[in-house]
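Topology and contacts: notes
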Amino acid sequence: MKTISLTYPLPRDLQPDPCAIALGYFDGVHIGHRRVIQKAIDTAKMNGWKSAIMTFDPHPREVLGQTGYSQYLTPLADKLEQLEKMGVDLTYVMRFDIAFAAVYPEDFIAECLLPLNCRHVVVGFDYTFGYRGMGTAQTLLASSEGRYGIDIVGPVNRLGEKVSSTIIREYLHHGNVEQTRLLLGRPYKIRGVVVHGDKRGRTIGFPTANVRLSRPYLIGKNGVYGVRFNVDGQSYRGVMNVGIKPTFELEKKEKSLEVHIFDFQGDLYGKEVEVEFLFFIRDEQKFSGVDALIAQIREDVEYAKRKFAEANV
Ligand SMILES: Cc1cc2nc3c(=O)[nH]c(=O)nc-3n(C[C@H](O)[C@H](O)[C@H](O)COP(=O)(O)O)c2cc1C
Ligand SMILES: Nc1ncnc2c1ncn2[C@@H]1O[C@H](COP(=O)(O)OP(=O)(O)O)[C@@H](O)[C@H]1O
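Residues numbered from 1 in each chain as written. Chains lettered and ligands numbered in written order. Predicted model: local features only at pLDDT ≥ 70, side-chain atom pairs only at ≥ 80, totals over all residues. Heavy atoms only, no water.

Quick word on the domain arrangement of the protein chain
Looking at the assigned domains, one finds that the protein chain contains domain 1 (2-162) and domain 2 (187-311). Using only C-alpha atoms to locate each centre, domain 1 and domain 2 end up separated by 36 Å. Between domain 1 and domain 2, the residue contacts involve 8 residues of the former and 7 residues of the latter. Where domain 1 abuts domain 2, roughly 750 Å² becomes buried across the two surfaces, and 48% of that area is made up of carbon and sulfur atoms. Its largest share of buried area at the contact with domain 2, domain 1 owes to Gln71, Leu73 and Asp78, together 49% of the area lost on that side. (Domains from an automatic or database assignment. Contact = heavy atoms within 4.5 Å. Buried area = accessible area lost by both parts, 1.4 Å probe.)

Right under this line is the structure:
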């Protein structure tokens, strides 16, 4: 997949091949997004065009000063990875800045869309674009003048609701990672690097790989999770604590992610790893002492092993 970064106004020397393009922010690349993206891929294939995506970075809400959008389900690099996996030929990453936010919908079509040589545009039914989000699928229809075809993809529903990045974020805030998995079509996954912790893990019999996030991921509810831990091309099962380790009353109340990996021995410091959230086990707790914590971690491990075996994940 080719990735092209664009800023508004677009350069004049673009001479792209004809394409079918899907428009959207696509945080998470969830099953609703996939329907839109797949439509562009299929239309491109049928017509001998390139399949293309136009996405934006950073999130409009981050730029327009609304809160709550500095953490993502798929930070840009993860989004690109998912799009590539789907077989998209070309992704345009449009920088979302103040100048771009002020572009009227009709000008967006004339100045940002048509220069990309798009023959077909695919959007979700509730997609909005341009200044104050005033542009809709209807605007695209009204402005096409036969220059491009349009597909408007209807809502994809799951678990009784319209699949959306917002609802997935809410699920993560409640620790509902199994529901998240259904809506994403894959487990929620973060990437990071293993860093040094307080070296306490090994003294309590449960060494933990402390994972420092490489990208701005949304981390949901504090608590203990059953996870898959991927490193060096190998995949392991394990349990992860997300939280501030209240038992130890540490000065730094920073959120940490620590994975105890089953059937693993070795040194992981400095390694790039992936953690997939598979199921929630319990809330993080403050224990009366280390012995109570160790007893509980033993139970967590037993529970997780049973659950892994039952679910075969
Ligand atoms: C499965 C699991 C569950 C944990 N649950 C808690 C908890 O509920 N409360 C808590 O204070 N710490 C909890 N911890 C964190 C331990 O306190 C932590 O792993 C230990 O302090 C080691 O820290 P270190 O890696 O910085 O040396 C848990 C750790 C694991 C692996
Ligand atoms: N089964 C295991 N799970 C997690 N880490 C392990 C395991 N076996 C060995 N390790 C190594 O031990 C380190 C964790 O030991 P720990 O005492 O908890 O130290 P730290 O406080 O630096 O995390 C990991 O970063 C990794 O290099």
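After that view, the rundown keeps rolling.
Observations concerning helix H7 (residues 165-173)
Listed in full, the buried residues belonging to H7 are Ser165, Ile167, Ile168, Arg169, Tyr171 and Leu172. On the buried face of H7, the contacting elements are helix H1 (31-47), strand S8 (161-162), helix H8 (177-184) and strand S9 (188-195). Looking one or two residues beyond H7, the residue adopting positive phi is Gly175, at roughly 75°. (Buried < 20%, exposed > 50% of the residue type's maximum accessible area, 1.4 Å probe, protein only. Helix = DSSP H or I, 4+ residues; strand = E, 2+ residues; numbered from the N terminus.)

Notes on the UniProt feature "domain: Riboflavin kinase" (unreviewed entry) in the protein chain
Those residues carrying the UniProt feature "domain: Riboflavin kinase" (unreviewed entry) are residues 183-309 in this numbering. Taken end to end, residues 183-309 comprises 17% helix and 39% strand; its first and last C-alpha atoms sit 23 Å apart. (UniProt positions renumbered as here; feature names shortened; annotations may be inferred.)

Quick look at the site of ligand 1
If you check the shell around ligand 1, you find 22 residues, and the closest are Arg200, Thr247, Phe248, Glu258 and Gln285. At a separation of 2.7 Å, an oxygen atom of ligand 1 approaches a polar side-chain atom of Glu258. In the model, an oxygen atom of ligand 1 is placed 2.9 Å from a nitrogen or oxygen of the Arg282 side chain. Burial of ligand 1 by the protein amounts to 99% of the accessible area it has alone, namely 630 Å². Elements supplying a minimum of two residues to the shell around ligand 1: strand S12 (234-243) and helix H9 (290-311). (Near = heavy atom within 4 Å. Polar contact = N/O pair within 3.5 Å; in protein donor to acceptor, adjacent residues only side chain to side chain. Areas by Shrake-Rupley, 256 points an atom, 1.4 Å probe, with all protein chains shown as cover.)

So, the nonpolar core
The biggest cluster of nonpolar side chains holds 33 residues, and the ones touching the most others in it are Tyr188, Ile190 and Phe229. Of all the secondary-structure elements, those providing two or more residues to this core are H7, H8, S9, strand S10 (209-213), strand S11 (223-231), S12, strand S13 (256-261) and strand S14 (272-282). Formed jointly, this core draws a minimum of three residues from each of two domains, domain 1 (2-162) and domain 2 (187-311). Not counting chain neighbours up to four residues away, the residues in contact with Tyr188 comprise Tyr72, Leu73, Leu172, Thr180, Tyr217, Leu218, Val275, Glu276 and Phe277. Residues Ile21, Tyr72, Cys112 and Ile150 belong to the second largest nonpolar core, which totals 32 residues. (Core = buried A, V, L, I, M, F, W, Y, C linked by side-chain atoms within 4.5 Å.)

Section: the sheet that holds strand S4 (residues 90-95)
Here 6 strands make up an open sheet; going across it, the order is S1-S4-S3-S2-S5-S6 and the pairing parallel. The strands lining the two open edges of the sheet, one partner per strand, are strand S1 (2-6) and strand S6 (149-153). Taking each pair of neighbouring strands and ignoring which way they run, the sheet shows an average axis angle of 20°. Bridge analysis of strand S2 (residues 19-23) against strand S3 (residues 50-57) gives 5 bridges, and the strand direction is parallel. What sits directly across from Cys19, in S3, is Lys50. Helix-sheet contacts for helix H5 (residues 105-113) involve S2, S3, S4 and strand S5 (118-124), and the interaxial angle to S2 is about 135°. (Pairing = 2+ DSSP bridges. Axes fitted to C-alpha atoms, helices over the stretch in contact; angles between N-to-C directions.)

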